[in-house]
Amino acid sequence: MIKIDENGFYGDFGGAYIPEMLYPNIEELKENYEQIMASESFKTEFDSLLKDYVGRPTPLFHAQRLSEKYGVKIYLKREDLCHTGAHKINNTVGQIILAKRLNKKRIIAETGAGQHGVATATVCALMGMECTVYMGAVDMERQKPNVERMRILGATVVPANSGSKTLKDATNEAMRQWINNPVDTHYIIGSVVGPHPYPEMVARFQSVISAEIKAQLLEKEGRDSPDIVIACVGGGSNAAGAFYHYYNDEKVRLVAVEAAGLGVTSGKSAATTQLGKPGILHGSKTLLMQTEDGQVVEPHSISAGLDYPGIGPVHAHLFASGRGEFLAVEDEDAMIAGIELSRLEGIIPAIESAHALSALNQLKYKASDIIVINLSGRGDKDLETYIKWGNY
Ligand SMILES: *Cc1c(COP(=O)(O)O)cnc(C)c1O
């Protein structure tokens, strides 16, 4: 793991830049989360739900035909096989158990494309907790099936009608609601973003990914570390989980893949480390796509999960310190990589995950290397995008 200081900073990035009125909520969480997560009863419940509800451990699959094509040994960490179809459920399961221990009765969440909203609505149904998900009005229109999934699961989906009516506005609305209901409500943030302690807490819930990779590689290869780990980065939670137990193992190359959209210099991109400057977004100091006078620039990516103008502070630090290698993959190349995996291995990946796969075309590696690619989610949710693209 990477050490954070007592104020929640990874190097220059992180912290808790919050309005005064949010202070009690954040303070309550900060004072309790480590102790609760360290308790035996928490660990027992979390591990048992990960196993019997989420379906962990997820397999580490040696992708033989993909390996042959790229001339290197490639394993896929199959987060696409998690319940609800992506890694996001690891975090929502952890946070709902935490919320119960804090005696919270209601859960709120923000969602962009709806994947985090669905994962939150799922665990709320499981625990019999009231669930309200804030979603930009424009996103509700674009992601109708996920809106209905949340409703089937019993959640209330509330449109955010301010600003661009997308993820940023949904987050603002969730924050406002949290300020108004501090005693009975827990806010489940969906990535390694937000004010301290969220980035660290979410990374720890997702760290099960690299804990499993270590054990599985040891069994298959006789060593617990690969040469390279590759993961896509929106906010950065699946990458943080896949990197977590390798941060201090300098032999392991950590490759983070951002969405270049229509091209890094096209003005329609989400390649935050290439385009961003230090700024404050959703309660933490991080790299942020912004105009000269600090207005957030609307990002673009073909994959909704990578369409975010910032990046978790841990990744801003990995970038600034040089510990992580950052690549950017364009929409078209991600789509091609998604079809390639479908044809070579019989796995249709989420378009987010397809960005990580496409990095194989840019990366320099040795034939003797072992590469683990974190396959963050399955492609079912992206069928319409594949169909519209049509080139298969
Ligand atoms: C949400 C999502 C992502 C991006 O989120 P991170 O926090 O960066 O992991 C990536 N892949 C899938 C399948 C997602 O649903």
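Residues numbered from 1 in each chain as written. Predicted model: local features only at pLDDT ≥ 70, side-chain atom pairs only at ≥ 80, totals over all residues. Heavy atoms only, no water.

## A look at the sheet that holds strand 8 (residues 185-188)
Pairing is parallel across the open sheet formed by four strands, whose spatial order is 7-6-5-8. Whereas interior strands pair on both sides, the edge strands pair on one side only; in this sheet they are strand 7 (156-160) and strand 8. The sheet shows a mean angle of 25 degrees between the axes of neighbouring strands, direction not considered. Sheet topology note: the strand 5 (residues 106-111)/strand 6 (residues 130-136) ladder contains six bridges and is parallel. Following the sheet pairing, A109 is matched in strand 6 by V133. Set on the sheet, helix 4 (residues 88-101) makes contact with strand 5 and strand 8; between it and strand 8 the angle comes to about 165 degrees. Contacting strand 5, strand 6 and strand 8, helix 5 (residues 115-127) runs over the sheet at an angle of about 165 degrees to strand 5. (Pairing = 2+ DSSP bridges. Helix = DSSP H or I, 4+ residues; strand = E, 2+ residues; numbered from the N terminus. Axes fitted to C-alpha atoms, helices over the stretch in contact; angles between N-to-C directions. Contact = heavy atoms within 4.5 Å.)

## Notes on the pattern of salt bridges
Scanning the entire structure with this criterion turns up 27 salt bridges. A salt bridge links K69 to E340; the nearest nitrogen and oxygen atoms lie 2.6 Å apart. Of the two residues, K69 sits in helix 3 (residues 64-70) while E340 sits in helix 14 (residues 331-345), which places them 271 residues apart along the sequence. For E221, the salt bridge is made with K73, and the minimal N-O distance between the two is 2.7 Å. Separated by 148 residues along the polypeptide, E221 in helix 10 (residues 208-221) and K73 in strand 4 (residues 73-78) bring together distant segments of the chain. We classify E221 as partly exposed; its relative accessible area is 25%. By relative accessible area, which is 30% here, K73 ends up partly exposed. By sharing partners, the salt bridges in this structure join R56, K77, E79 and E212 into a single network. (Salt bridge = Lys/Arg side-chain N within 4 Å of Asp/Glu carboxyl O. Buried < 20%, exposed > 50% of the residue type's maximum accessible area, 1.4 Å probe, protein only.)

## A closer look at the UniProt feature "domain: Tryptophan synthase beta chain-like PALP" (unreviewed entry) in the chain
Taken from the UniProt record, the annotation "domain: Tryptophan synthase beta chain-like PALP" (unreviewed entry) applies to residues 55-377. When the span residues 55-377 is considered, its composition is 40% helix and 21% strand, and the gap between its end C-alpha atoms is 14 Å. (UniProt positions renumbered as here; feature names shortened; annotations may be inferred.)

## Observations concerning the site of the ligand
Near the ligand you find 17 residues, and of these K88, S191, G236, S237 and S376 are the closest. Residue H87 places a side-chain N or O atom 3.0 Å away from an oxygen atom belonging to the ligand. For the ligand, whose accessible area on its own is 380 Å², the fraction buried by protein is 97%. By residue class, the composition of the shell around the ligand is four nonpolar, 11 polar and two charged. Lining the shell around the ligand are residues from two domains, each supplying at least three of them: domain 1 (16-49 + 88-202) and domain 2 (55-85 + 207-389). (Near = heavy atom within 4 Å. Polar contact = N/O pair within 3.5 Å; in protein donor to acceptor, adjacent residues only side chain to side chain. Areas by Shrake-Rupley, 256 points an atom, 1.4 Å probe, with all protein chains shown as cover. Nonpolar A, V, L, I, M, F, W, Y, C, P; charged D, E, K, R; others polar. Domains from an automatic or database assignment.)

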